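Here is what each chain is made of, one letter per residue.
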Amino acid sequence: MSIFISLLQKTSSVKRVCILFIVSHLVLLSMMLFTFPVINNQIGTKAFDMQSFGYSVSTAESIVNNLNTQTTDLYLFPQLTLLDVLYPFLLALFLSSFIFRLFLFTKTKNKTNSILLIVPFLAMGFDYLENTCIILMISKSIEMSKSFVILSSSFTVLKGTLTSIAWLSILIYSIKWLKLRIKEKKTGRLIHQSIKKS
């Protein structure tokens, strides 16, 4: 844990948080503009990765059956084995660094709250597990059983849920920080006024 905290201390400066945000979202933008439109157009629905609430066996079978060789190759590379390897890591590092910085601003030292720092990396882990399942399904390296699809779908839902928790934490602690700033300014004004009067 100490190694993880020391990493976040290095990546939580304003400059580095901004860089992580820009780079991670450039990768996301490239997926949304170049790979996903081609894949979605071919399969007639959203790709596995974009099915936030999971997918059924029939949906999974439909996606796999509608993929042609060219789109399958595109899905495998660069989508799953390059872009969707970089993006989860960069996003996790950005989210954890941002949350860590907000913890410093709000003077949050609660050990329970510190678990939130790990949440983005748990989401990253489930994202990679999801990718592995998708690779196995679209390459037809495994029999697409009901249990396997449920497992893959669960990874997708968990990834989305944990990422949402991380973003929600950023929103909550940003509001907390703004409230502290307003309170500090009011206190500062009162002190300044009392000094003037005396």
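Residues numbered from 1 in each chain as written. Predicted model: local features only at pLDDT ≥ 70, side-chain atom pairs only at ≥ 80, totals over all residues. Heavy atoms only, no water.

J.: Explain a positive patch on the surface residue by residue, including any values.
T.: A cluster of basic side chains, namely Arg 181, Lys 185, Lys 186 and Arg 189, defines a positive patch on the protein surface. Along the chain, Arg 181 turns up in helix H7 (residues 146–197). For Arg 181, a relative accessible area of 42% translates into the label partly exposed. (Patch = residues over 30% accessible without salt bridge, like charges linked within 9 Å, V, L, I, M, F, W, Y side chains within 5 Å. Areas by Shrake-Rupley, 256 points an atom, 1.4 Å probe, with all protein chains shown as cover. Salt bridge = Lys/Arg side-chain N within 4 Å of Asp/Glu carboxyl O. Lys, Arg positive; Asp, Glu negative; His and termini not counted. Charge placed at Lys NZ, Arg CZ, Asp CG, Glu CD. Helix = DSSP H or I, 4+ residues; strand = E, 2+ residues; numbered from the N terminus. Buried < 20%, exposed > 50% of the residue type's maximum accessible area, 1.4 Å probe, protein only.)

J.: Give a detailed account of the side chain of Gln 51, specifying residues and quantitative values.
T.: Mapped onto the elements, Gln 51 comes out in the loop between helix H2 (14–43) and helix H3 (57–66). Gln 51 sits in the buried class, given a relative accessible area of 14%. In this structure Gln 51 touches Thr 45, Lys 46, Thr 59, Ile 63 and Thr 156, once residues within four positions along its chain are discounted. (Contact = heavy atoms within 4.5 Å.)

J.: Residues and numbers for the environment of Lys 179, please.
T.: The topology assignment puts Lys 179 in helix H7. In this structure, the C-alpha to C-alpha distance between Lys 179 and Thr 106, residues 73 residues apart in sequence, is 9.6 Å.

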